[in-house]
Amino acid sequence: MTSPILKSAATVHKPSATAAFAGGSVAVSSAVGGSVVKLKLPGRSFASRIMPVLNAVASRIVPPLVMILAILAVWQFLGSKPGATLPPPSKIWTEAYDLIVDPFFVAGPQDIGLGWRVLISLQRVAIGYGLACLIGIMLGTLIGQSVWAMRGLDPIFQMLRTISPLAWLPISLAAFRDSQPSAIFVIFITAVWPIIINTSVGIRNIPQDYRNVAAVLRLNHVEFFFKIMIPSAAPYIFTGLRIGIGLSWLAIVAAEMLTGGVGIGFFIWDAWNSSRLSDIVVALVYIGLIGFALDRIMALLATIVTRGTASN
Amino acid sequence: MSPYLKIDHLSKTFTRGSQNSEVLSDITLSIEKGEFVSIIGHSGCGKSTLLNIVAGLVSSTTGGVLLENREVNEPGPDRAVVFQNHSLLPWLTVYDNVRLAVDKVSSSVKTRTERHDWTMHNLNLVQMSHAKDKRPAEISGGMKQRVGIARALAMEPKVLLLDEPFGALDALTRAHLQDSVMAIHERIGNTVMMITHDVDEAVLLSDRIVMMTNGPCATIGEVLEVPLPRPRVRLALAADPTYLKRRHRVLEFLYERHRFVEAAA
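Q: It is not clear to me how the sheet that holds strand S2 (residues 19-31) of chain B should be interpreted in this structure. Could you clarify?
A: Residues and elements named next belong to chain B. In space, the four strands of this open sheet follow the order S2-S1-S4-S5, with antiparallel pairing throughout. Edge positions in the open sheet fall to S2 and strand S5 (70-72), since each of these has one partner strand only. Shown here is a sheet whose adjacent strand axes are inclined to one another by a mean of 35°, direction ignored. Across the sheet, helix H1 (residues 47-55) touches strand S1 (5-16), S2, strand S4 (62-67) and S5, and the angle it forms with S1 is around 115°.

Structure, rendered in structure tokens:
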């Protein structure tokens, strides 16, 4: 065993002088252990290995970063002018410092960090959106499978889906007599339409081939639903789910502004009533980031789940 | 003795609005157990419709199909179909595509391990066990068709229905698969009904060739016996007088007596 080590050590020594072979001999030098060679080589090769990664990351991060700085600069300039109605970033930073740096503080029953408020809003969205997924996929399947269900329900749904989410709020308040279920209902009614419509399109587009396979195998309705329908329509369903989550995040803020209680929407309304403009700006940033994250998560989920289906 | 599969005075009329078009007219055909029968005809002659009726995917207007003296009018695994475009489920692996059929057809009679073994046995039969964990999108057209055949065979059908199974493949792959189908037929002696528009394929594989006249109102024009001994070897047959004579007969039927007329369709 000694001879190969000696040999490799020898080869290491030679190119270490010439920088050209530096990259190739890293593994060998680490195998040899603490020898003279080690001093210079690892740093170099580490840099050459990390550079492409850094480049890729930088090309993604630097442009938006530059744009954000530019926007902040313009904003700062406009907001600092005498007579400006909105606060500049520097003022927001000092005024809303506690909100920005600690999302999860609890200073009192109504004085909590924005992280908590967002979580409360997310919980409402989760319930409303979850119901919308369940019922949307079921109704979408029905409309996609049955010609008569489509003829009967499709015109009604096409009309209902154009109604603004907030227009449903008085009706749901009257029906539920409580703000919590009303807000959830508004989320549900906002998210359900794109899920229904996209699911039904997906079901209608199941290739006849798959139906024939199911027929030859004599799959029953339940098996057909889980083994053929859902996987086959998955790309369409996920399009609906992704649109749905975006819409429900749009709707929750508006609904909470009207129903009150806790949540990020109510926080904005409350801040407006007590003229804390800086807090509102911070809340908007939170809403944007969460909405962006929700959309990404759904997109990621879709690519994972529909990996096999999409490519045929 | 009554035949194994009997197509009895079958006709099919498609109705679209007030228009009736008779596609198949008075088709009677008997297929014995273990027989390999090809149905050949120009495109549009209704041969795929005939296969779909036997499969139960389409219902006949008059007449019917009897399998072992029992009428069949709905699809079932006893008449497994290999579809022209393979029809594998793209979200399942090769193994799972076959396993789905095995699980559905024989879950009551086979244990879990037996079902696994049977799935692998059929994948081995079409020489596809090496790609069992791949998805259909990752394998070639010929491989997909092999898996389609494995899935159909795994249902242990009384009749195997092949709907232009090699139509979408290139010539070399097609020849390869034809040899495989011959070898499988040799080995398990199943009853096969195949739709094709390839003359060589029909003569090489079949015991009998059913030649269809042109549509509309297509019917059986002629039935040709192919008395070539099995196993058949493609290369040896290329110069075989019986083979050439049969081939000529089919060509004559298709291109002289029932030439495909575009305008008539």
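Q: Honestly, the side chain of Asn198 of chain A in this entry has me stumped. Any pointers?
A: Residue and element names in this part refer to chain A. Assignment of secondary structure puts Asn198 in helix H9 (residues 179-204). There is a polar contact of 2.8 Å between the side chain of Asn198 and the backbone oxygen of Pro194. Beyond its immediate chain neighbours, meaning those up to four positions away, Asn198 contacts Tyr236, Thr239, Gly240 and Ile243.

Q: In this structure, what is going on with the packing of H9 of chain A against helix H11 (residues 221-259) of chain A? I would like to understand it.
A: Each packed pair of helices is defined by two parameters, the angle between the axes and the distance between the axes. All names here are of chain A. Packing of H9 against H11 brings their axes to within 7 Å, and their N-to-C directions diverge by 155°. As the angle between them shows, H9 and H11 are arranged roughly antiparallel. Helix-helix and strand crossings are classified by hand; for H9 and H11 the assignment is right-handed.

Q: Mind showing me how you'd approach the interface of chain B and chain A here?
A: A common way to state how big an interface is: give the accessible area lost once the parts meet. Listed as interface residues are 23 residues of chain B and, on the opposing side, 20 residues of chain A. When chain B packs against chain A, close to 1,900 Å² is buried across both sides, 67% of that on carbon and sulfur atoms. Where chain B touches chain A, the interface holds two salt bridges. Where Glu223 of chain A meets Lys104 of chain B, a salt bridge forms, and the shortest distance between an N and an O atom there is 2.9 Å. Our enumeration of links across chain B and chain A arrives at four residue pairs in polar contact (both at pLDDT 80 or more). Elements represented by at least two residues in the side of chain B that touches chain A include exactly strand S6 (79-82) and helix H2 (94-106) of chain B. At four residues, the largest contribution of residues to the side of chain B that touches chain A is made by H2 of chain B.

Q: What is the right way to read the pattern of salt bridges from this model?
A: If charged atoms from side chains of opposite charge come close, those side chains can pair. Residues and elements named next belong to chain B. In the structure shown here, the tally under the stated rule is 20 salt bridges over all chains. Across the pair Arg99 and Asp103 runs a salt bridge, and its minimum N-O distance is 2.8 Å. Of the two residues, Arg99 and Asp103 both sit in helix H2, four residues apart, roughly one turn of that helix. For Asp103, a relative accessible area of 26% corresponds to the partly exposed category. Two residues, Asp198 and Arg174, come together in a salt bridge whose shortest N-O distance is 3.0 Å. In this pair, Asp198 is assigned in the loop between strand S8 (191-196) and helix H6 (199-205) and Arg174 in helix H5 (residues 171-188), connecting sequence segments 24 residues apart. Using a relative accessible area of 22% as the deciding quantity, one classes Arg174 as partly exposed.

Q: I would appreciate a short explanation of helix H10 (residues 208-217) of chain A in the present structure.
A: In an α-helix there are 3.6 residues to a turn, and that puts residues three or four apart on one side. All of the buried residues in H10 of chain A are Tyr210, Asn212, Val213, Ala214, Val216 and Leu217 of chain A. Among the structural elements, H11 of chain A together with S6, H2 and helix H4 (141-154) of chain B are those in contact with the buried residues of H10 of chain A. Following H10 of chain A by one or two positions, Arg218 of chain A adopts a phi angle in the positive range, close to 55°.

Q: What's the story with the state of the cysteines in this structure? I'm lost.
A: Each disulfide is one covalent bond, formed between the sulfur atoms of two cysteines. Summed over all chains, the structure comprises zero disulfides over all chains. The structure places no disulfide on Cys217 of chain B, whose sulfur is separated from the nearest cysteine sulfur, that of Cys45 of chain B, by 13 Å.

Q: Looking at this model, I keep getting lost on the packing of H10 of chain A against H11 of chain A. Mind explaining?
A: All names here are of chain A. With their axes 11 Å apart at the nearest point, H10 and H11 run at an angle of 170° to one another. In terms of axis orientation, H10 runs roughly antiparallel to H11. In this structure, H10 contributes Tyr210, Arg211 and Ala214 to the contact, and H11 contributes Phe224, Ile228 and Ser232. When its residues are assigned to classes, the contact of H10 with H11 shows four nonpolar, one polar and one charged.

Q: What am I meant to see in the environment of Glu32 of chain B here?
A: All names here are of chain B. Locating Glu32 in the fold gives a position in the loop between S2 and strand S3 (36-40). By relative accessible area, Glu32 is classed as partly exposed at 38%. It is 5.1 Å that separates the C-alpha atoms of Glu32 and Tyr4, two residues lying 28 residues apart in sequence. The contact partners of Glu32, leaving out residues within four places of it in the chain, are Pro3, Tyr4 and Thr191.

Q: Help me out: how do you make sense of the nonpolar core in this one?
A: Soluble globular proteins tend to bury their nonpolar side chains together. Grouped together as the largest cluster of nonpolar side chains are 141 residues, with contacts concentrated most on Tyr129 of chain A together with Leu24, Leu50, Met193, Ile209 and Val250 of chain B. Take this core: its biggest share by element is 13 residues, from H11 of chain A. Among all residues touching Ile209 of chain B, those that are not within four sequence positions of it are Ser38, Ile40, Ala202, Val203, Glu222, Val223, Leu224, Val226 and Val250 of chain B.

Parameters and conventions
Residues numbered from 1 in each chain as written. Chains lettered and ligands numbered in written order. Predicted model: local features only at pLDDT ≥ 70, side-chain atom pairs only at ≥ 80, totals over all residues. Heavy atoms only, no water. Pairing = 2+ DSSP bridges. Helix = DSSP H or I, 4+ residues; strand = E, 2+ residues; numbered from the N terminus. Axes fitted to C-alpha atoms, helices over the stretch in contact; angles between N-to-C directions. Contact = heavy atoms within 4.5 Å. Polar contact = N/O pair within 3.5 Å; in protein donor to acceptor, adjacent residues only side chain to side chain. Parallel < 35°, antiparallel > 145°, perpendicular 65-115°, else oblique. Left-handed = near helix turned anticlockwise from the far one by under 90°. Buried area = accessible area lost by both parts, 1.4 Å probe. Salt bridge = Lys/Arg side-chain N within 4 Å of Asp/Glu carboxyl O. Buried < 20%, exposed > 50% of the residue type's maximum accessible area, 1.4 Å probe, protein only. Disulfide = S-S within 2.5 Å. Nonpolar A, V, L, I, M, F, W, Y, C, P; charged D, E, K, R; others polar. Core = buried A, V, L, I, M, F, W, Y, C linked by side-chain atoms within 4.5 Å.

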